[in-house]
Amino acid sequence: MKHFTSVHDVGDVHELVALAAQMKAQPRAWESVGKGRSLGLFFFNSSLRTRLSTQRAALNLGMEVTVMDASGGWQLELEDGVVMDGNAAEHIREAAGVLGRYFDLLGVRMFAGLHDRQADYEEHVLRRFLELTGKPVISLESATRHPLQSLADLLTIAQHKAIALPKIVLTWAPHPRALPQAVANSFAEWVLAAGYPLTIAQPEGFELAPQFTEGATLAYDQGEALRGAHFVYVKNWSAYHKYGLTAPQHTDWMITPEKMALTANGKLMHCLPVRRNVVVHEAVLDSAASLVLEQAENRIYAAQAVLYQLLKTL
Amino acid sequence: MKHFTSVHDVGDVHELVALAAQMKAQPRAWESVGKGRSLGLFFFNSSLRTRLSTQRAALNLGMEVTVMDASGGWQLELEDGVVMDGNAAEHIREAAGVLGRYFDLLGVRMFAGLHDRQADYEEHVLRRFLELTGKPVISLESATRHPLQSLADLLTIAQHKAIALPKIVLTWAPHPRALPQAVANSFAEWVLAAGYPLTIAQPEGFELAPQFTEGATLAYDQGEALRGAHFVYVKNWSAYHKYGLTAPQHTDWMITPEKMALTANGKLMHCLPVRRNVVVHEAVLDSAASLVLEQAENRIYAAQAVLYQLLKTL
Amino acid sequence: MKHFTSVHDVGDVHELVALAAQMKAQPRAWESVGKGRSLGLFFFNSSLRTRLSTQRAALNLGMEVTVMDASGGWQLELEDGVVMDGNAAEHIREAAGVLGRYFDLLGVRMFAGLHDRQADYEEHVLRRFLELTGKPVISLESATRHPLQSLADLLTIAQHKAIALPKIVLTWAPHPRALPQAVANSFAEWVLAAGYPLTIAQPEGFELAPQFTEGATLAYDQGEALRGAHFVYVKNWSAYHKYGLTAPQHTDWMITPEKMALTANGKLMHCLPVRRNVVVHEAVLDSAASLVLEQAENRIYAAQAVLYQLLKTL
């Protein structure tokens, strides 16, 4: 593994999940692996879980970790050939080049802008970091994927599944704002790469990009899809086809206790933050079916497994 | 001590002060106590001294410390049953639950809103952290108390008092903005718990909540109160009774050299930041009578004693 | 060396450059020198390279480092005698006094305001930190100088010069905003202190303050100045004489491949961030002549040499 930006960077998904489980069992057992090694984390968007869990992971491995919030004023010019007389004071060529000289490993978060689908799906910003830093790069959520979240989700599923191939349902839910497709895209591709059967339920027009969902069953009747589910992964995303469109009026897509009753004693999953009584009814979140806090905790061990693998390449 | 939110969490106040004095004498003598232990500090309001001194304390004990500024955009929903379709993207149930899974010890700061006295005095936010994190919690100043400041203040008094029971005067002073009562409440309850005589001087209508001042002498004539004082603790607070009311027009309540001359060679104390020539005349702050910088320094050792006690419970 | 605020704090410039080169050759060879020592970095203006490189340097020496961003709300009152009933909640006397009690070494950044030349050139803020903290202070760029940058620049020159006394040209370039003179002032005084010949090219009216340029050759014809240059240091600065005036209309002062062709296979230097195609044409920045990333990397070792020297004084 040279970088960690998607499931395609990973050799054997199940081996990486198993490594994360080992990290969880003994978080401090590898605390000298990262000694004298530095990790720089750059957030062009706000973060709670990713920021804190990746720091915890790095410290568990004995690394030095530096966090930089660039969500405020730091505007980067991304295009070549531009006369930079506007707001952007720095070009990504210099910024990424410098960061590559300051750290052994780099993490970067930049969400989709949701205005230009092609630019988002070509991962303009992440690609430049990969090209320009000369160092292993970890995606802390890019325009189209959130692989640390997906790895934590697979660890959670692995530790809660009662049968080899549980029924996993990824369902769209309403939200007042337009959100990227990254978490949903990424969850789909990791689940499918792991060989689990996946059903994706969404309203008409909210189908994810086909390259992420090949092999999944698409469903438009949420109740039907939930029947017999062992894991219900709920998430809002804005439309891929009518790019960035949202649909908060579909309030009947909220996950409720009644809907959970359709499942096979299914577990609820969500990446957080979650808007209670909009995306999921609070009675579900506060029930024993909810795995959301454990998913968040598993972010530590997902990051720790990834850092461990990348440290080996240095 | 399971948490540190008020003097009521502390067994013997004098023992804790003595422990802080030991920490001050040998800051690095316990540097392996916290090895491999993590402290997360969450600031919903800005901070200079609390942030830096608590970090110093944790590092002196060998802990890993992470600071998160939530004073910007991170709006938490506090109420249950709310349909979260507004500005708050996360509920305190998830936020506190996640933080409890990321750190061994947690510190949290959230000031009084000064709009709803009952909510402030019931410590809604702090209580949720205590209930939901499952970890020892340190108040970094809550709606009604600032116990790390008070412990540092008692250490300062202990190291400067010439007699067993010095006369301590807590006096209101003017300020252009409405400030919480937390520092004053907390100082009063710690001084009284330590068994020192306390006089509290304030204009009519600025009496603190009675539960914090039982056993203190209330005075409305500042000059009379200051007579013979060994320690003058000056602080502005907004009204408890007409909740949140302020009174910057009482400029005659500023502490001046003339007023200090009424004391028994009294020392000046303030928690900082202090507005010069509004709360205290600069000639007093720049005189040998001022202990304000030492109070600020003692914040390190107060925090270090508290962290040490909480680490023992893990 | 008691502080590090200008080249005048340094004994032998070449010795300090040589120490920085040693640090670069073996960054971790002194990792126990700073053990148990703390560095506090205070940024009243934004920072990428200074912040990250100084942190890296401190960690390479085993120090504990804390960064505080004061670029947001933290307004300090600088003047004595003021009635502080405005926006500033804290006076620099208390702020600097407290910081001095929290850290072994302090770094502070505050740029020129560009409104009051006398205040800027008297270094009001930096001076107060020097007077009030009681600890060694490192300038992270002050109103008139950026000595960590200059030391990194001299290291870069030392490692790339082919002859003992290369021709160094500092040239003004256009920029849409009014920038301080600090980088240019500082580069000039360090180059001159090192005994290198220096030519400074600028449009009429953009001469630097004479106290920084004594011994340099001033030129008003940029092409003529660049002829035979071994190092071309390009930088915008606003006017010193008509204080703060800028001149973005001088677009013909941009450094282009054609201008670099006039040099003796000269190297391009810039402190970054750089506005491409405004200050320097991108073809120059992307050519082998550019040393800008190496300068940025050398910031680590410049800071490391300075910290090492200051740690010896504790």
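Residues numbered from 1 in each chain as written. Chains lettered and ligands numbered in written order. Predicted model: local features only at pLDDT ≥ 70, side-chain atom pairs only at ≥ 80, totals over all residues. Heavy atoms only, no water.

Caption draft 1: Just the side chain of N60 of chain B, in detail. Residue and element names in this part refer to chain B. Within the fold, N60 resides in helix α2 (residues 49-60). By relative accessible area, N60 is classed as buried at 4%. Polar contacts involving the side chain of N60 include one to the side chain of R28, which spans 3.3 Å. Here N60 is in contact with P27, R28, W30, E31, I300 and Q304, once residues within four sequence places are set aside. (Helix = DSSP H or I, 4+ residues; strand = E, 2+ residues; numbered from the N terminus. Buried < 20%, exposed > 50% of the residue type's maximum accessible area, 1.4 Å probe, protein only. Polar contact = N/O pair within 3.5 Å; in protein donor to acceptor, adjacent residues only side chain to side chain. Contact = heavy atoms within 4.5 Å.)

Caption draft 2: Structural context of the sheet that holds strand β2 (residues 64-69) of chain A. Residue and element names in this part refer to chain A. Across the sheet, four strands lie side by side as β2-β1-β5-β6; this open sheet has parallel pairing. A strand with exactly one partner marks an edge of an open sheet, and here the two such strands are β2 and β6 (137-139). Averaged over all pairs of adjacent strands, the angle between strand axes in this sheet comes to 20°, irrespective of strand direction. Here strand β5 (residues 105-109) runs beside β6; their pairing, made up of three bridges, is parallel. Paired with V108 across the bridge in β6 is S139. (Pairing = 2+ DSSP bridges. Axes fitted to C-alpha atoms, helices over the stretch in contact; angles between N-to-C directions.)

Caption draft 3: The relation of the copies chain A and chain C, seen in detail. Mapping chain A onto chain C is achieved by rotating through 120° and translating by 0.0 Å along the same axis, at an RMSD of 0.0 Å. The transformation just described matches what one would write down for a three-fold rotation axis. (Least-squares fit on C-alpha atoms with pLDDT ≥ 70 in both.)

Caption draft 4: Seen up close, the pattern of salt bridges. Scanning the entire structure with this criterion turns up 45 salt bridges over all chains. Note that E64 of chain C and R28 of chain B form a salt bridge whose closest N and O atoms lie 2.8 Å from each other. Note that E64 of chain C is positioned in strand β2 (residues 64-69) and R28 of chain B in the loop between α1 (13-25) and β1 (38-43), a pairing that runs across two chains. When its relative accessible area of 16% is taken as the criterion, E64 of chain C is described as buried. One continuous salt-bridge network, built from bridges that share partners, spans D80, R93, R128 and E131 of chain A. (Salt bridge = Lys/Arg side-chain N within 4 Å of Asp/Glu carboxyl O.)

Caption draft 5: Expanded view of the domain arrangement of chain A. Residues and elements named next belong to chain A. Domain annotation for chain A reports domain 1 (7-145 + 300-311) and domain 2 (149-295). In this structure, domain 1 and domain 2 have C-alpha centres spaced 25 Å apart. Contact residues are listed per partner, giving 26 residues for domain 1 and 30 residues for domain 2. Each partner contributes to the roughly 2,200 Å² buried at the junction of domain 1 and domain 2, and carbon and sulfur atoms together form 66% of this total. Linking domain 1 with domain 2 are two salt bridges. Between E189 and R145 there is a salt bridge, with the nearest N and O atoms lying 2.5 Å from each other. For the pair domain 1 and domain 2, the number of links is ten residue pairs in polar contact (both at pLDDT 80 or more). Per-element accounting of the side of domain 1 that touches domain 2 gives the leading share, seven residues, to helix α1 (residues 13-25). Tallied by class, the residues present in the side of domain 1 that touches domain 2 amount to 14 nonpolar, five polar and seven charged. (Domains from an automatic or database assignment. Buried area = accessible area lost by both parts, 1.4 Å probe. Nonpolar A, V, L, I, M, F, W, Y, C, P; charged D, E, K, R; others polar.)

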